[in-house]
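# Observations on chain architecture
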Amino acid sequence: MSAQHRTTVPGTPASLARSRPRYGESVIKVILLAAAMVSVATTIGIVIALLEPTIEFFASVSFGEFFGSTDWGPLFNPPAFGVWPLIVATVEITLIAVVVAVPLGLASAIYLSEYASHRIRKIFKPVLEVLAGVPTVVFGFFALTFVTPLLRDLFPFLELDGKNALAAGLLVGVMIIPIVASLSEDAMAAVPNGLREGSYALGASKMLTSVRVVVPAAFSGIVAAVILAISRAAGETMIVAIAGGFKSVFTLYPGDEMSTMAAFIAQAGSGDASVGSIAYKTIFAVGSLLFVITFAMNYLSARMVQKYREVYD
């Protein structure tokens, strides 16, 4: 009797195995659901913790003053609540980081995915990912004590403060290289080999195949990696606090000391503002703004992945 006409007799071990309830799988499903709910509950908890103080802050400070002024000094007399110096500093340092991380991260991903042997990949990819585990305070002190003096020696025409956005942005970029490289390499590794073989059959070189075939096919994953890295850079605290400084000035020159939103939260949360005061509530207002920005970037990442996702049979 052929396999497709073979039937299972009731009471045989095969039929009993199919009918027996699998309690282990049910337990695993519950554990996985609980793990997923923890992240959702954490996000909801963050929103709840930020919401009430933020509402109280905007009951005293108008949106026009918060978003329409370039003077920031909640602890000054009189206080100033124009958030643009923090926004500009955050965007500026993030852009410097992206300029560093995206080319180096993509180049690393292309090498690991298309050029490196299996043995080299097993060695270098974990080493690259170890970079993500270096404490950010180490990056900050490295930028302050080594990168800034080095930039002054190499580019004496640059007028760099002791703490500046350029050194902070460079080290934030180094910090997020593993995010871009690792996630982009995973996306490229998922591209079917048939696309590569078809490109080689048409006479394309390995470099042409990598740039014109593999990278476009993995575009959605690469975009998600870049946006995730941008979100990580925008929320970085220790590097920008140590190497970038706490001076809240509206400036576009990267050689100046400036304070990002995350650095201000770290500074104000260290005890300079009394609990319950309007200066203290600025921590939650700025934190809510940073949360909205990173949430928007993650939402954009999800939409980009959905829009440009390539599905292969």
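Calculation notes
- Residues numbered from 1 in each chain as written.
- Predicted model: local features only at pLDDT ≥ 70, side-chain atom pairs only at ≥ 80, totals over all residues.
- Heavy atoms only, no water.
- Helix = DSSP H or I, 4+ residues; strand = E, 2+ residues; numbered from the N terminus.
- Rg over C-alpha atoms; globule rule 2.2 N^0.38 Å.
- Buried < 20%, exposed > 50% of the residue type's maximum accessible area, 1.4 Å probe, protein only.
- Contact = heavy atoms within 4.5 Å.
- Areas by Shrake-Rupley, 256 points an atom, 1.4 Å probe, with all protein chains shown as cover.
- Arc of directions from axis to C-beta.
- Salt bridge = Lys/Arg side-chain N within 4 Å of Asp/Glu carboxyl O.
- Core = buried A, V, L, I, M, F, W, Y, C linked by side-chain atoms within 4.5 Å.
- Phe/Tyr/Trp six-rings, centres within 6.5 Å; stacked < 30°, edge-to-face > 60°.
- Lys NZ or Arg CZ within 6 Å of the ring centre and 35° of its normal.
- pLDDT = per-residue confidence, 0-100.

## Brief notes about the overall build of the protein chain
- Across its full length, the protein chain carries 13 helices and 2 strands.
- Here the protein chain has a C-alpha radius of gyration of 26 Å; the compact-globule value for 313 residues is 20 Å, and the former is much larger.
- Principal-axis analysis of the C-alpha atoms places the extent of the protein chain at approximately 95 × 50 × 30 Å.
- Counting all 313 residues of the protein chain, 40% fall into the buried class.
- Within the protein chain, contacts between residues separated by at least 24 positions form 71% of all contacts whose residues are at least 6 apart in sequence.
- Just so you have it, the protein chain exposes about 17500 Å², and 68% of that area is on carbon and sulfur atoms.

## A word on the environment of Leu95
- Note that Leu95 resides in helix 4 (residues 84-115).
- Counting along the chain gives 211 residues from Leu95 to Gln306, while the straight-line C-alpha distance between them is 25 Å.

## Topic: helix 9 (residues 206-217)
- Thr209, Ser210, Val214 and Ala217 are the residues of helix 9 that are buried. Axial view of helix 9: buried residues confined to an arc of 95°, hence all on one face.
- Structurally, helix 9 contributes buried residues whose contacts are with helix 4, helix 7 (165-189), helix 8 (193-201) and helix 10 (219-234).

## Notes on the pattern of salt bridges
- Inspection of the entire model under this criterion finds 4 salt bridges.
- The closest approach of N and O atoms between Glu56 and Lys281, which form a salt bridge, is 3.1 Å. Of this pair, Glu56 sits in helix 2 (residues 23-60) while Lys281 sits in helix 13 (residues 278-308), placing them 225 residues apart in sequence.
- Close ionic contact of Arg196 with Glu114 constitutes a salt bridge, the shortest N to O distance being 2.9 Å. Placement of Arg196 in helix 8 and of Glu114 in helix 4 is noted, with a sequence separation of 82 residues between them. Each member of the pair Arg196 and Glu114 is classed as buried.

## Points about the nonpolar core
- The biggest cluster of nonpolar side chains holds 32 residues, and the ones touching the most others in it are Val172 and Ile176.
- No other element matches helix 7, which puts 11 residues into this core.
- Not counting chain neighbours up to four residues away, the residues in contact with Ile176 comprise Ala97, Ala101, Ala229, Arg232 and Ala233.
- Counting 20 residues, the second largest nonpolar core, distinct from the first, contains Val83, Ile87, Phe264 and Leu290.

## Notes on the packing of aromatic side chains
- The final tally for this structure, using the stated rule, is 13 aromatic pairs.
- Considering the side-chain rings of Phe58 and Phe63, the 4.3 Å spacing of their centres and the 5° angle between planes classify their relative orientation as stacked.
- Aromatic side chains Phe142 and Phe146 sit 4.9 Å apart centroid to centroid with 20° between the ring planes, which places their arrangement in the stacked category. Here Phe142 and its partner Phe146 are both found in helix 6 (residues 136-154), 4 residues apart, which amounts to about one turn of the helix.
- You can call Phe142 partly exposed: its relative accessible area is 40%.
- One aromatic cluster is present, formed by Phe57, Phe58, Phe63, Phe66, Phe67, Trp72, Phe81 and Phe264 through successive ring pairs.
- Sitting over the ring of Tyr115, Lys206 keeps its end group 5.7 Å from the ring centre.

## Notes on the environment of Val134
- Tracing the backbone through its elements, the reader meets Val134 in the loop between helix 5 (118-130) and helix 6.
- Look at Val134 and you get partly exposed, because its relative accessible area is 28%.

## Side note on the confidence of the model for the protein chain
- For the protein chain, the mean per-residue pLDDT works out to 84, and 90% of the residues sit at or above 70.
- Mean pLDDT values over the elements of the protein chain span from 52, in helix 1 (residues 13-19), up to 92, in helix 4.
- Every residue in residues 1-5 is under pLDDT 50, and counting partners more than four places away or in other chains gives 1 contact.

## Observations concerning the side chain of Ser184
- Here Ser184 shows up in helix 7.
- What Ser184 contacts, discounting residues up to four positions off in sequence, is Leu106, Ala109, Ile222 and Ala225.

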